[in-house]
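# Understanding the architecture of this molecule
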Amino acid sequence: MAIPSFLTELRSFVGTRPLWLSGVGAVIRDEQGRVLLNRRSDTGRWSIVGGILDPGEQPADGLVREVFEETGLVVEPEALTSVTVSPMLSYPNGDQAQYLELTFRCRRVSGEARVNDEESLEVAWFAPGELPDLDDSNRYRLEVALAGKAEAVFSFTPLTGDPA
């Protein structure tokens, strides 16, 4: 699986130690209301389409780039639907990472969905009631995006007492 060049350089210094990275995910619906998912080549699991932001990249711009790179679709982000934190992930090569996940609801502008790079084994449209097996993080972000709320969802634990 290809990783951004900045991450390859960073890994040369930190090895496989856990990294905190910014990621974006796209919930894309077609005219029939189906959702586009990709089956990832690194895990073999179905997932919402997305990836890692480059340093300094605006999240919506990075999302559009990632969707095009992975699926050949041009999309337009319509709404930020959730801000979440992934579980700690361990990759087959030993790398560990945790992601700040910014998930957007998007509309397709042009293109036909296809596997467009080595990061996906396949891409397919699914009716919301006929989704393949998804991990908890992907399922939650997808459900939130499909709920269509006007504001983004996030978790918050209020402080009790003096934080100092």
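Just so we're clear, the structure is a prediction, and the values are computed from it rather than from any experiment. (Residues numbered from 1 in each chain as written. Predicted model: local features only at pLDDT ≥ 70, side-chain atom pairs only at ≥ 80, totals over all residues. Heavy atoms only, no water.)

### Overview of the nonpolar core
One broad trend across soluble globular proteins is that nonpolar side chains are buried collectively. Note the threshold: Nonpolar core, defined: a set of buried Ala, Val, Leu, Ile, Met, Phe, Trp, Tyr and Cys residues in which side-chain atoms within 4.5 Å join the residues together. Think of it in three bands: residues with accessible area under 20% of the maximum for their type are buried, residues over 50% are exposed, and the middle band is partly exposed, with areas taken using a 1.4 Å probe on protein chains only. Helix and strand assignments follow DSSP, with helices taken as H or I runs no shorter than four residues and strands as E runs no shorter than two, numbered in order from the N terminus. In what follows, residue pairs with any heavy atoms lying within 4.5 Å of each other are defined as contacts.
Ranked by internal contacts, the top residues of the largest apolar core, which has 14 residues, are Ile 28, Leu 63, Val 67 and Cys 106. Of all elements in the fold, only β1 (19-29), α2 (59-71) and β6 (96-110) reach the threshold of two or more residues within this core. What Cys 106 contacts, discounting residues up to four positions off in sequence, is Ala 26, Val 27, Ile 28, Arg 29, Leu 63, Val 75, Glu 76, Pro 77 and Glu 78. Among the nonpolar cores identified, the runner-up in size contains nine residues, and Ile 48, Phe 126, Leu 134 and Leu 142 belong to it.

### Side note on the pattern of salt bridges
Quick note on the threshold: Within this document, salt bridges are pairs made up of a side-chain nitrogen of Lys or Arg and a carboxyl oxygen of Asp or Glu, the two lying within 4 Å of each other.
Taken as a whole and judged by the stated rule, the model has 13 salt bridges. The salt bridge involving Arg 107 is made with Glu 76; its shortest N-O contact spans 3.3 Å. Taken together, the positions of Arg 107 in strand β6 and Glu 76 in strand β4 (residues 74-85) put the pair 31 residues apart, joining distant regions of the chain. The partly exposed category is assigned to Arg 107, whose relative accessible area is 36%. Of the charged contacts in the structure, one is a salt bridge between Glu 112 and Arg 108, with a shortest N-O distance of 3.9 Å. By relative accessible area, which is 23% here, Arg 108 ends up partly exposed. Shared partners join several salt bridges into a network, and the residues in it are Asp 54, Glu 57, Arg 65, Glu 66 and Glu 69.

### Considerations on the UniProt feature "domain: Nudix hydrolase" (unreviewed entry) in the chain
Convention followed: UniProt positions are given in the numbering used here, feature names are shortened, and annotations may be inferred rather than shown by experiment.
The positions UniProt marks with the feature "domain: Nudix hydrolase" (unreviewed entry) are residues 19-148. Helix and strand shares over residues 19-148 are 19% and 46% respectively, and the end C-alpha atoms of the span are 31 Å apart.

### Overview of the pairing of β4
The condition is simple: Between any two strands, pairing holds if DSSP finds at least two bridges.
When β4 meets β6, the two strands line up antiparallel, connected through 10 bridges. Residue Glu 76 lies in a different strand from β6, and its bridge partner there is Arg 107. Examined bridge by bridge, β4 and strand β8 (residues 153-154) share two bridges and lie parallel to one another. Each residue of the ladder has a partner; that of Val 83, found in β8, is Phe 154.

### Some words on a nonpolar patch on the surface
This is how it is decided: Two joining distances apply to patches: 9 Å for like charges and 5 Å for nonpolar side chains (Val, Leu, Ile, Met, Phe, Trp, Tyr), and every residue must have over 30% relative accessible area and no salt bridge. Here the Shrake-Rupley method, with its probe set to 1.4 Å, supplies the accessible areas, and only the displayed protein chains count as covering residues.
A cluster of nonpolar side chains, Phe 68, Val 74 and Val 109, forms an exposed patch at the surface whose accessible area comes to about 230 Å². Summarising the element assignment, Val 109 is placed in strand β6. According to the relative accessible area criterion, Val 109 is partly exposed, its value standing at 43%.

### Remarks on α2
Quick reminder of the rule: By definition here, a helix of n residues has an expected span of 1.5 Å times n minus one. Each direction from the helix axis to a C-beta atom contributes to the arc, which is the arc of those directions.
With 13 residues, α2 should reach 18 Å at 1.5 Å per residue; the first-to-last C-alpha distance of 18 Å fits that figure. Of all the positions in α2, only Gly 62, Leu 63, Glu 66, Val 67, Glu 70 and Thr 71 are classed as buried. Angularly, the buried residues of α2 cover 135 degrees about the axis, an arc narrow enough to put them on a single face. Buried residues along α2 sit against β1, β2 (35-40), β3 (46-52), β4, β6 and β7 (120-126).

### Here's the deal with the layout of surface pockets
As a reminder of what qualifies: A cavity here means a set of 1 Å grid points, computed over protein atoms only, where a 1.4 Å probe fits but cannot escape. A pocket is an open set with protein on both sides within 12 Å along at least 5 of 7 lines, and lining residues have an atom within 4 Å of a point. Grid points are joined across faces, edges and corners, and a volume is the space filled by probe spheres set on the points. Side-chain classes follow a simple rule in which Ala, Val, Leu, Ile, Met, Phe, Trp, Tyr, Cys and Pro form the nonpolar group, Asp, Glu, Lys and Arg form the charged group, and the remainder, Gly included, forms the polar group.
In this model, the largest pocket occupies a volume close to 1,000 Å³. Surrounding the largest pocket, 43 residues form its lining, Arg 40, Asp 42, Leu 89, Tyr 91 and Tyr 99 being those nearest its centre. The element contributing the most residues to the lining of the largest pocket is β3, with seven residues. Residue composition of the lining of the largest pocket, grouped by class: 17 nonpolar, 11 polar and 15 charged.

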